Amino acid sequence: MAPDYQRLGRGGDLTGMALKYQCAKALTIISMAAIVILAFASMFYTGHTDIQYAEDDDIAYSIPDHKSAADQPIEAGTGHHELPTTQGKCTLPSSLALPQSEDGSYTPTSPHYTILDILSAVPEQDYSKYCQGWRVLNSANPPYKYNLNGECGNWQNNYIALHKKRLEQLKALEAHNYGQLQVQDKPQYIVYKCIQVATNGNRGCGGLADRMSGMISTFFHALMTDKAYFAYWDGENPFSLDILFEKPYINWHYDMDTMEELFTNPPDDTYLTNEHVDLLNAKWATMESKIFPQGRTQNLSDLWPSSLVEVRSNRGYIIHTFESSDIYPAILHNMGLTPENAFGCMTDFLFKPTIGSRRFIDAYKNLLELDSIFSVGIQIRTGDNQIVNPQDDELTVESYSYFLTCANQLTEAYRKPHHKRVVYFLITDSAKLRDEMMALNDDPAMQLKYLGNEDARVLTTGLPIEHVEPNQVAKYINITEPIIETEEQKVAGINSAVIENWLLASTTYRVISPQGYGKLAAFHSNIDKVTYSMPRPDRKDKAPNCGNPHNAISFADLSRLWSLG
């Protein structure tokens, strides 16, 4: 008897057997064709997504889903990220539209189209690298890269544990359960506070640079003295800090009502003492007396010993601590912190721009970091009048051409043969000047005159230009056409200031105005002596020769100016 698998038909019915053979053959051919089609399609389709794009008509690909980082425990410096591998050529869309922020936070407009023009001249390898990076930043959870190679030291996880412990102790304080606490490890807290703008006088918190100087230096004190750190912006000046930044490693949110209730007329004078420290607008002599009253041997733990220290400040003193203390340079060195990296590393540890801002930042940073790009950041502070009275703005390229001269000198001195494009990343508080500078890209004669060569391009964000504290500005400038901003406009304007400053920190060199904003970016860059400070227009004949590296301004010198350091 034949085995079952030989029974192709009934008995000797060859017709039926042939029919079944033809059917099987046809199915085999169809299956093989389907496999070929699916394999071909997989070269172009890498997954699925439910991201909603702000403008997605030109998106030529799909972004794979990613599990949220919030679902995983976070330690500082433990992240790892590689660009995805792709089959076939990676092609950018014709418009660099960003997806809507999934959490409902601020979503910027599209990055400027000049990015695509610049990318058209870079080598294919750099184009592909940027294209793959574009896919990553459009994903549901783009990576936040911090201290991946230990470049910011080894202190972060210890402070994360301390901060968590202090928050647990705070719960015991709220319950008046003092038995859980130990006097030898009295919980201490410090908060940077930006309150409402005063009705009279110059007592505001300042712009972004002033605020960041105060916030980061206050954290520096917390790190040196084992205090938990909080940061607070009044909801009307211009809005809560929680709207502007995420908290990547510690929860610095300050519950004003709870803390005031707890530390005002407390029932216990051991664990619930508090004091106020005012460093607003302090000159360095005043700062020296308040931070180092005992000179070079000052112990910062003895400076403000209360359980809660409330600080109002627009001044920095991190770099000065390296210079003025005999105690802390060695401690900081063991933590992996130096005068170069301290400010930037603390900033990125504390304050993570919201996802829409991060995507926008990465869209520019990924360009600036390409091997074929030589970049110079140019920050021109023209004055608050251009912000609040733009209709009266009469500035031209010629008004600030000496900034471009400096950038050209840097290009001539440091550009290498592999730099196929020169990018002058421009930030200014004058919309008119920004437009005129961008117009240089479209006029070959003017481009050659002001930018020095045909490979150079001016790049801007095109984002709104706002002052963080317009009510303070209104005290000393007559606003001829006042505008009542919506909450959305305020959020967009302040996010723009953050985005542009973070990007200014990412350029290879910087040409800056002498006030605080450009200095903030220099400190954030973690690289000293690649920044050149320009005088005001009435003293432009004093502008340095930027081709000479000895004319770069150091962090030490910057820390003696404006909001200190």
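Located above this text is the structure these notes cover.
Our subject in this report is the structure included herewith.

Reading the values: rules and limits
Residues numbered from 1 in each chain as written. Predicted model: local features only at pLDDT ≥ 70, side-chain atom pairs only at ≥ 80, totals over all residues. Heavy atoms only, no water. Core = buried A, V, L, I, M, F, W, Y, C linked by side-chain atoms within 4.5 Å. Buried < 20%, exposed > 50% of the residue type's maximum accessible area, 1.4 Å probe, protein only. Helix = DSSP H or I, 4+ residues; strand = E, 2+ residues; numbered from the N terminus. Contact = heavy atoms within 4.5 Å. Salt bridge = Lys/Arg side-chain N within 4 Å of Asp/Glu carboxyl O. Phe/Tyr/Trp six-rings, centres within 6.5 Å; stacked < 30°, edge-to-face > 60°. Lys NZ or Arg CZ within 6 Å of the ring centre and 35° of its normal. Arc of directions from axis to C-beta.

With respect to the nonpolar core
Residues Tyr229 and Phe351 are the most contacted members of the largest nonpolar core, which totals 103 residues. Among the elements that line this core, the one with the most residues is helix H5 (residues 208-225), at ten residues. Discounting residues that sit within four places of it in the chain, Phe351 has contacts with Tyr144, Met212, Met215, Ile216, Tyr229, Ala231, Leu241, Phe245, Glu246, Pro248, Trp252 and Trp502. The next biggest cluster of nonpolar side chains, apart from the first, holds 31 residues, and it includes Tyr400, Leu404, Tyr424 and Val458.

Quick look at the pattern of salt bridges
A full pass over the atoms with the stated rule returns 14 salt bridges. Between Lys247 and Asp242 there is a salt bridge, with the nearest N and O atoms lying 2.8 Å from each other. Taking the relative accessible area as the measure of exposure, Lys247 reaches 29% and is therefore partly exposed. For Glu323, the salt bridge identified is with Arg560, shortest N-O distance 3.6 Å. Of this pair, Glu323 sits in helix H9 (residues 318-324) while Arg560 is found in the segment after helix H20 (555-558), placing the two residues 237 residues apart along the sequence.

What to know about the packing of aromatic side chains
Under the criterion given, the structure shown has 26 aromatic pairs. With a centroid separation of 6.1 Å and 50° between ring planes, the pair formed by Trp155 and Phe219 is classed as tilted. Here Phe219 lies in helix H5 and Trp155 lies in the loop between helix H3 (124-137) and helix H4 (156-174), a separation of 64 residues in the sequence. Here Trp155 matches Phe219 in class, with each residue buried. Ring plane angle 55° and centroid distance 4.9 Å describe the contact between Tyr402 and Phe403, whose orientation is recorded as tilted. Each member of the pair, Tyr402 together with Phe403, is buried. Taken together through their ring pairs, the aromatic side chains of Tyr146, Trp155, Tyr159, Phe219, Tyr229, Tyr249 and Phe349 make up a single cluster. One residue, Arg211, lies across the ring of Trp233, its end atom 4.5 Å from the ring centre. Sitting over the face of the ring of Trp252, Lys247 holds its NZ or CZ atom 4.5 Å from the ring centroid.

Looking at helix H7 (residues 256-263)
Those residues of H7 that sit buried are Met256, Met259, Leu262 and Phe263. What you see down the axis of H7 is that its buried residues fit within an arc of 140°, all on one side. Seen from the open side of H7, the exposed residues pointing more than 90 degrees away from its buried face are Asp257 and Glu261. Looking at the buried positions of H7, the neighbouring elements they touch are H4, strand S1 (189-194), strand S2 (228-233), strand S4 (274-278) and strand S5 (308-312). Two residues or fewer after H7 comes Asn265, characterised by a positive phi angle close to 50°.

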